[in-house]
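Single-letter residue listing:
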Amino acid sequence: MSTYALESVFQPGSVAVVGASPRARSLGRLVLRQLRDGGFAGPIGLVNPRYREIDGVPAVPRLADLPFVPELVVIAAPPADVAGVARAAAVHGARAAIVLTRDMGEGPGSHNAALAEVARAHGLRIMGPNCLGVIAPHARLFASFAAHMPVAGDLALISQSGAVAAGMIEWSRPRGIGFSAVASLGDALDVDFADLLDYFATDRRTRAILLYVERIRDARKFLSAARAAARAKPVVVVKPGRHARYAPDDTARAASLATPDAVYDAAFRRAGLLRVHALDELFAAAEALARLRMPQGPRLAVMTNGIGIGKLALDRLIDMGGTRAELSEATVQTLDAALPRGWSRRNAVDMLGDADGPRYAATLEALLEDRSNDAVLVLQVPTVLSSPQDTADAVVATLAAHRHDAAPKPTLAVWIGDDADARRTLDEAGVPAFDSEADAVRGFMYLVRHREAQRALMETPPSLQDDGVVDVDAARALVTSALAAGRRGLDPDATAHLFALYGIPLAAARACVDAAEAGRAAETLLEPGGRVTVRLTPPEKALQADIDGVRHGLTSVEAVRAAAETLLAAARRLGPEAGIDGVTVQPVVERPRARELIAGIVDDPTFGPVVVFGRGGTAGDVIDDRALALPPLDLRLAHELIGRTRVSRILKAHRDVPAADERAIARVLVKLAQMAADIPELDAVDINPLLADDDGVLALDARVGIAPVKRLHRGRGHPRFAIFPYPSEWERTITLANGAEAFVRPVRPEDDGMFRRFFDKVSSEDLRLRFFSAVRHFSHEFIARLTQLDYARSIALAAIDPDSGEMLGAVRLLADANYDTGEYGIMVRSDLKGAGLGWHLMRIMIEYAAWQGLRTVEGQVLRENTTMLAMCRQLGFRVETDPDDATIAIVRLPVAGATG
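Residues numbered from 1 in each chain as written. Predicted model: local features only at pLDDT ≥ 70, side-chain atom pairs only at ≥ 80, totals over all residues. Heavy atoms only, no water.

**Remarks on the overall build of the chain**
Let me state the cut-off plainly: Secondary structure elements are defined from DSSP: runs of H or I of at least 4 residues count as helices, runs of E of at least 2 residues count as strands, and each element is numbered from the N terminus. Within these notes, the globule rule equals 2.2 Å times the number of residues to the 0.38 power, and the radius of gyration is based on C-alpha atoms. Remark: exposure states derive from per-residue accessible area (1.4 Å probe, protein chains only) relative to the maximum for the residue type, with buried under 20%, exposed over 50%, and partly exposed in between. Should any heavy atoms of two residues lie within 4.5 Å, those residues are counted as being in contact. Charge assignment in this entry is limited to Lys and Arg as positive and Asp and Glu as negative, and neither His nor the chain termini are counted. Where a charge lies is defined by one atom per residue type, namely NZ (Lys), CZ (Arg), CG (Asp) and CD (Glu).
Counting its regular elements, the chain contains 28 helices and 38 strands. For the chain, the C-alpha radius of gyration of 32 Å lies close to 29 Å, the compact-globule estimate for 900 residues. The dimensions of the chain, computed from C-alpha atoms along their principal axes, are 95 × 80 × 70 Å. When the 900 residues of the chain are sorted by exposure, 55% land in the buried category. For the chain, restricting intrachain contacts to residue pairs at least 6 apart in sequence, the fraction spanning at least 24 positions comes to 70%. Taking the average location of the 104 positive side-chain charges in the chain and that of its 114 negative ones, the two points are 3 Å from each other.

**A look at the pattern of salt bridges**
Selection rule: Each salt bridge in this description consists of a side-chain nitrogen of Lys or Arg and a carboxyl oxygen of Asp or Glu lying within 4 Å of one another.
Here the structure, examined in full by the defined rule, presents 43 salt bridges. Glutamate 765 is paired through a salt bridge with arginine 768; the nearest N and O atoms lie 2.7 Å apart. Remark: arginine 768 and glutamate 765 occur in helix 25 (residues 764–771); sequence separation between them is three residues, near one turn of the helix. The closest approach of N and O atoms between arginine 892 and glutamate 858, which form a salt bridge, is 3.0 Å. Here the residue arginine 892 occupies a position in strand 38 (residues 885–894), and glutamate 858 occupies one in strand 36 (residues 856–862), the gap between them amounting to 34 residues. Assessed through its relative accessible area of 28%, arginine 892 is described here as partly exposed. Several salt bridges converge on common partners, so that one network encompasses Arg125, Asp190, Asp192, Asp195 and Lys221.

**Let's talk about helix 15 (residues 420–428)**
Filter applied, for reference: Note that the arc is computed from the directions linking the helix axis to the C-beta atoms. For the purposes of these results, a polar contact is taken to be a pair of N or O atoms within 3.5 Å, where, inside protein, one atom must be able to donate a hydrogen and its partner to accept one; residues adjacent in sequence count only when each atom of the pair is a side-chain atom.
Looking at helix 15, one finds that the buried residues are Ala422, Thr425 and Leu426. Buried residues of helix 15, seen end-on, are gathered within an arc of 95° and therefore sit on one face of the element. Tucked into the core, helix 15 has its buried residues touching helix 14 (388–401), strand 19 (411–415) and strand 20 (433–434). Sitting at the amino-terminal end of helix 15 is aspartate 419, which places a side-chain oxygen 3.3 Å from the backbone nitrogen of aspartate 421. Following helix 15 by one or two positions, glycine 430 has its phi on the positive side, about 80°.

**Comments concerning the sheet that holds strand 13 (residues 235–238)**
Threshold: Strands are labelled as partners when DSSP assigns at least two bridges between them. The axes are straight lines fitted to the C-alpha atoms, using for helices just the contacting stretch, and the angles between their N-to-C directions are given from 0 to 180°.
Read across the sheet, seven strands follow the order 9-8-11-10-12-13-14 without closing on themselves; strand pairing throughout is mixed. Since the sheet does not close on itself, it has two edges, and those belong to strand 9 (141–144) and strand 14 (274–276), each with one partner. When the angles between neighbouring strand axes are averaged without regard to direction, this sheet yields 20°. One ladder, built from six bridges, connects strand 10 (residues 152–159) with strand 11 (residues 179–184); its direction is parallel. Across the sheet, the residue bridging to isoleucine 158 is alanine 183, located in strand 11. Where helix 6 (residues 193–201) meets the sheet, it contacts strand 10, strand 11, strand 12 (208–212) and strand 13, and its direction lies at approximately 165° from that of strand 12.

**Overview of unusual backbone geometry**
In the segment running from glycine 128 into proline 129, the intervening peptide bond is cis, with an omega of -5°. Structurally, the position occupied by proline 129 is in the loop between strand 7 (125–127) and strand 8 (133–136). Across the junction of asparagine 688 and proline 689, the peptide omega takes the value 5°, indicating a cis bond. Here the phi dihedral of aspartate 103 falls at roughly 60°; this positive angle occurs in a residue that is not glycine. Of note, aspartate 103 is situated in the loop between strand 6 (96–99) and helix 4 (111–122). By relative accessible area, which is 58% here, aspartate 103 ends up exposed.

**Side note on the nonpolar core**
What counts here: Put simply, buried Ala, Val, Leu, Ile, Met, Phe, Trp, Tyr and Cys residues joined by side-chain atoms within 4.5 Å make one nonpolar core.
Ranked by size, the top nonpolar core spans 72 residues in total, and within it Leu196, Leu211, Phe222 and Leu273 carry the most contacts. Apart from residues no more than four positions distant in its own chain, leucine 211 is found in contact with Ile158, Phe193, Leu197, Phe222, Val235, Val236, Val237, Val238 and Leu273. Counting residues in hydrophobic clusters, the runner-up holds 59 residues, among them Ala792, Leu797, Leu808 and Val891.

**Focus on the side chain of glutamine 34**
With respect to the helices and strands, glutamine 34 occurs in helix 2 (residues 27–37). Within the structure, glutamine 34 has its side chain in polar contact with the backbone oxygen of serine 144 (distance 3.3 Å). If near-sequence neighbours (up to four positions away) are discounted, glutamine 34 is found in contact with Phe142, Ser144, Phe145 and Ala146.

**Concerning the sheet that holds strand 35 (residues 821–828)**
Across the sheet, eight strands lie side by side as 31-32-33-34-35-36-38-37; this open sheet has mixed pairing. Of all the strands in the sheet, just strand 31 (732–735) and strand 37 (878–882) have a single pairing partner and so form its edges. Strand-to-strand twist across the sheet, computed as the mean angle between neighbouring axes with direction ignored, equals 25°. In this sheet, strand 38 lies alongside strand 36 in antiparallel orientation, the contact comprising seven bridges. Counted as the bridge partner of glutamine 860 is isoleucine 890 from strand 38. Packed onto the sheet, helix 25 meets strand 35 and strand 36 and runs at close to 175° relative to strand 35.

**Concerning helix 17 (residues 472–484)**
Our working definition: Take the residue count of a helix, subtract one, and multiply by 1.5 Å to get its expected span.
Over its 13 residues, helix 17 extends 18 Å from the first C-alpha to the last, a length consistent with the 18 Å expected when each residue adds 1.5 Å. Close packing links the buried residues of helix 17 with helix 18 (492–501), helix 23 (662–678) and strand 30 (702–706). Two residues or fewer after helix 17 comes glycine 486, characterised by a positive phi angle close to 85°.

**Some details on the packing of helix 3 (residues 79–92) against helix 4**
Helices that pack against each other are described as a pair by the angle of their axes relative to one another and the distance between those axes. The criterion, for reference: Roughly parallel means an angle under 35 degrees; roughly antiparallel, over 145; roughly perpendicular, 65 to 115; everything else is oblique. Note on residue classes: Ala, Val, Leu, Ile, Met, Phe, Trp, Tyr, Cys and Pro are nonpolar, Asp, Glu, Lys and Arg are charged, and everything else, Gly too, is polar.
Interhelical geometry of helix 3 versus helix 4 gives an angle of 5° and a closest axis separation of 8 Å. Taken together, the axes of helix 3 and helix 4 lie roughly parallel to each other. Contacts from Pro79, Ala80, Val82, Ala83, Ala86, Arg87, Ala90 and Val91 in helix 3 reach His111, Ala114, Leu115, Val118 and His122 in helix 4. Considering only residue class, the contact of helix 3 with helix 4 consists of 10 nonpolar, two polar and one charged.

**Some thoughts on the packing of helix 7 (residues 219–232) against helix 9 (residues 260–271)**
For the pair helix 7 and helix 9, the least separation of the axes is 8 Å and the interaxial angle reads 40°. Classified by the interaxial angle, the pair formed by helix 7 and helix 9 is oblique. Contacts between helix 7 and helix 9 involve Phe222, Leu223, Ala226, Arg227 and Ala230 on the former and, on the latter, Ala267, Phe268, Arg270 and Ala271. For the contact of helix 7 with helix 9, the per-class residue count stands at seven nonpolar, no polar and two charged.

**Structural notes on the packing of aromatic side chains**
Rules: Put simply, two rings from Phe, Tyr or Trp (the six-membered ring, in Trp's case) pair if the centres are within 6.5 Å, and we call them stacked under 30 degrees between planes, edge-to-face over 60, tilted for the rest. Only when the NZ atom of a Lys or the CZ atom of an Arg is both within 6 Å of the ring centre and within 35 degrees of the ring normal do we say a charge sits over the ring.
Under the counting rule described, the total for this entry stands at 17 aromatic pairs. Ring centres of phenylalanine 755 and phenylalanine 759 lie 6.3 Å apart, and the angle between their planes is 55°; this geometry places the pair in the tilted category. In this pair, phenylalanine 755 and phenylalanine 759 are both assigned in helix 24 (residues 752–760), four residues apart and thus about one turn of the helix distant. With respect to burial, phenylalanine 755 and phenylalanine 759 carry one shared label: buried. Seen in terms of ring centroids, phenylalanine 778 and phenylalanine 782 are 5.3 Å apart; in terms of plane orientation they differ by 40°. Their pairing is tilted. Classification of phenylalanine 782 by relative accessible area gives partly exposed; the value is 29%. Its end group placed over the ring of tyrosine 4, arginine 95 keeps NZ or CZ at 5.6 Å from the ring centre. Above the ring of tyrosine 264, the side-chain terminus of lysine 239 is found at 4.5 Å from the ring centroid.

**Notes on the environment of glycine 838**
Tracing the chain through its elements places glycine 838 in helix 27 (residues 837–851). Looking at glycine 838, the relative accessible area reads 12%, which means it is buried. For the pair glycine 838 and proline 150, spaced 688 residues apart in sequence, the C-alpha separation works out to 53 Å. In contact with glycine 838, not counting residues within four places along its chain, are Ile826, Val828 and Met871.

**Looking at the pairing of strand 2 (residues 44–47)**
To keep things clear, this is the line we draw: A clockwise path from the first strand over the helix to the second, with the strands pointing away from the viewer, defines a right-handed crossover.
Direction of pairing for strand 1 (residues 15–18) relative to strand 2: parallel, over a ladder of four bridges. Looking at the pairing, valine 15 lines up with isoleucine 44 of strand 2. A crossover links strand 1 with its parallel partner strand 2, the connecting element being helix 2, and its sense is right-handed.

As structure tokens, then:
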């Protein structure tokens, strides 16, 4: 349902409480008191058949007996009564309910199941059950048993834990940090993180969103909403359980690297969320987001009257990945004139221990004017020669003079000691004052990381220009055949075939069922002076049975036969239940300067397939060096994944060792992600080691696990990907009225250049008709929003000339958060009007809307755009005048075949 009726949760016109009693600790009674004390302006009703009044509020036996229809109902009834109360509320006209009741049970036959059925049948939105309630300070709604109403502000807090939500409210009050809303999800039977992210992403009173996450149920829904919200405003998340692990599994090194928290971390990163690891960090991030402007980069300038604390601040900055700003020559000259001899003449700027207000003002002025830094940290250490209050006054006055700058710099403050008056002066002026230099630097870096995440969402990836077309049908046939034979993994020959289809270099290997066949394989694979390895197949079965299943460095056919016979004899003693199929013979590869890496795909129960990369070989077992990413991947994401590991450093050239081919490594990671997208039955891929040097990459050992598909996600698209992959099924060729052909495909992130060239061939008049105003320049951010799509909720289809590769036109469809209505936009190159391209694109877009289950397609068209309006009428759209603007027509089309 997403945002449907959520305005009734956070901005209701009326509220009823069901379940209050005269008991002192009655939740219903407490919430009733909170609603009244909070100043809610609408009518408040009380329903309890056993009492005539509670705390002076008249009670009625039933919701239908109230003199008004409550928009929101707060339920604090016993578990067995909750579903009935919710049903009565929905029938009476309520739109939402907050269920405080706990112990509702789980699964079929439970009270929770009954409540869920009521919500589905009647469209009643449910917050909870087992939640702290909802607080919306701007609406004076205090429908919660938290201790206090928070100050009204612009931070939205969404928490799975009521205790965390209550704790954050108490922390915020003395600091003057305000909230637009506090929502406790509890069991999240209906309303979940994704719904609230969609709601607060467009809420004008919310500037940033804070999340406390324990677990995610619908990963695709969450990531789609989180990515959309993070594009609009900062989203900060904290999640416990960083050291939790899945059940032990020794069969794959890659699987052991993908801990639950590491997968969550990869998901948060991919969505553009800012992750912190403790509540105090969430608090610090909240304060930074509430008080600070966004910096342009990571360069921080520090000014202080005590060089020691300035050095500590810079150390912390570098530890956290920030940049120590340089002082421009002009700034040094300015400060030479303003500061006494002996000042540091570098960052940190040491103004010396007797620095007074005027000295602070002059230094801050110089740093604010210096373009070599992105933010300023002001440190004040009390001495008998300095006045904290005078210094605070000087800082505030200086910043006030820059308040109307085009891009005011963030300025942070640390006043060591307990001078309450100075801190109050800073606070009232909106200057965040932190308790320590470490807290201040951390707050700054939260903002830097958020900005970097936003830039990453907008970056254009390079294309795989040398990429060949994969025979996906052949790849799927390999897996289907193995599953039909009852296998849960591909044998070495099938693995080699699969890797060849995807262009991943794999060392030669032969699967053999007995020693004689192993000898024949050795005759082929052994080169003069060469060596081979013989191992039991599959090797994980040998590990599970605790067999020494490998023989290395064999130099003759006879040695190979003997080794195979010895290994197979050991396997036979275990019986058929050991699952040993035979042996694999593989040449020993000599690449002395190659780095040993690991790459693979693991399957996470929440997020589905995950790409793993890190240090491989035997060293990988003792060095925890890995990074994870959710597929699909492009080259930019793959390079970023590599860069998050320590092993990436030794991929660079050092001493007499040339740099490894990082593009080849990135290409393998992209191909693994593509493999997982093409073959949902792929359960695991483990390449260990993946050798990499200046000649490229070579998978020395690879295992592929397979399993019947277990769908993680409802609806269209890949059944297991948390991120909707590129919908290749919507690629097609169309024939235009002039007989020419055009290739239509979904837009990809690397299409930035193609769009720019397209806009160059669209007339200024056509641009005005499309965008409703004159457009002269298309920024990178604007193009990124057209090309970097979340296919779960939007699609853009480009028609491309198959010969030149140039774009001829495009149509876009963006679904609303409720997946009910899609808004379209279309543009065709100005020199192609009349060729029927627009008609083709509109028909495909409507077909896609039906495929996605949308009920309606709508758009805005200028009244003067008669050609577009005529086509809409021919396609069956209803044309109406926009009630707010007579120059605009609203066109709507019910989508045939829509479901849901």
